[in-house]
Structures are given as structure tokens and as C-alpha cells.
Amino acid sequence: MKILHALAFSIAVLVAAWVYLSVGNPDLGFNPWIGFVAWAAFFAAGGGNEGIGKALPAGIAGILLTALTLAAVQALGGSLVTLIALVAVLAFVLVAMADIGALSYTPAAFLGAASFFGSGGKIDLSIALVALTWVAGLAFGYVSETVGKKLARPA
């Protein structure tokens, strides 16, 4: 089987498993689309250990910094002006943290931030669930790539 088809097959099987876990078992708290975003971030970062090494720390940083930003917005009264100002600061930080090697994959930082915003941005257990879903999505990406490579015929 060609590598592309092997990857397509392994991804299709694991997508079915992910949908079962995230949609079919809502009590687990996984957000289906966040898992897919992290999965894509894994491949966009180059896949393999490098993909994990880039997408994990930057994505988690984006999630946590966004939670901190939204907590600060709430603490300062929650006005639109405060939201605009602090999200602008957040955007600056998400880009500037690329000076730190482990946090240098800026797309994952923004994808993590967007995932937290998109989840509703609640300052509660949601923070941990978004982060856990991010990690699960990366794991599914890693496994899909590994299985796909094993299924591919040698060149």
C-alpha cells in the first residue's frame, strides 16, 4: 500500500475511534473538534517526535495563556475594551514566545488559543479538558502516522 493510502486508512480508522470517544462518550469531556485541530497541528509541525515536540508545548501554552487572559478580563470587569486590550497583549505574547525554543511553533500556540476560545472560554474544569483534548488529539496524530508507516509497503 502506498504511504498516502496507508496514512489515509490509519487516519480513517482512528477518526472513527476518536468520534466514538469524543461524541459517543460525552462524559469523558473530550471536545471532538479540538482533537482534530491538535491532530492537524501535529502533522503541520512535521509529524513524528518533532511534531509532538513542537505542537504540544506551544499548544498547551496557547490554551493556558488564553485562560489566564480571560481570567484577567473577568477580574477587570469584563468590558469589551478590556477584552480587546488583553487579547491584543495575548497575541503579542503568543508570537513573542517563539524566542523560547520549546514554544517556537507559533501556529500551535494560536490553534491552542483558538481552541480554548472556541470551547467557550470558561475559567473552570474546561481548561483541563481542553488541554487534555489537545494532548489526545496529538496522540491520535502520532498513532495514525506510526500505524500508517507500518502499513505502507517498503519502497
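All of the points below concern the structure found in this document. (Residues numbered from 1 in each chain as written. Predicted model: local features only at pLDDT ≥ 70, side-chain atom pairs only at ≥ 80, totals over all residues. Heavy atoms only, no water.)

### Looking at helix α1 (residues 3–22)
With 20 residues, α1 should cover 28 Å at 1.5 Å per step; its first-to-last C-alpha distance of 27 Å lies within 8% of that length. The set of residues buried in α1 consists of A6, L7, S10, L14, W18 and S22. Angularly, the buried residues of α1 cover 115° about the axis, an arc narrow enough to put them on a single face. (Helix = DSSP H or I, 4+ residues; strand = E, 2+ residues; numbered from the N terminus. Expected span 1.5 Å × (residues − 1). Buried < 20%, exposed > 50% of the residue type's maximum accessible area, 1.4 Å probe, protein only. Arc of directions from axis to C-beta.)

### Details of a nonpolar patch on the surface
Taken together, the side chains of M1, F9, V13, Y142, V143, V147 and L151 make up a nonpolar region of the molecular surface, amounting to roughly 570 Å² of accessible area. When contributions to the nonpolar patch are tallied by element, the ones reaching two or more residues are α1 and α6 (126–151). With four residues, α6 is the single largest residue contributor to the nonpolar patch. As for its placement among the helices and strands, Y142 is situated in helix α6. (Patch = residues over 30% accessible without salt bridge, like charges linked within 9 Å, V, L, I, M, F, W, Y side chains within 5 Å. Areas by Shrake-Rupley, 256 points an atom, 1.4 Å probe, with all protein chains shown as cover. Salt bridge = Lys/Arg side-chain N within 4 Å of Asp/Glu carboxyl O.)

### Considerations on the environment of A8
Among the structural elements, A8 can be located in helix α1. Separated by 136 residues in the primary sequence, A8 and S144 have C-alpha atoms spaced 8.7 Å apart.

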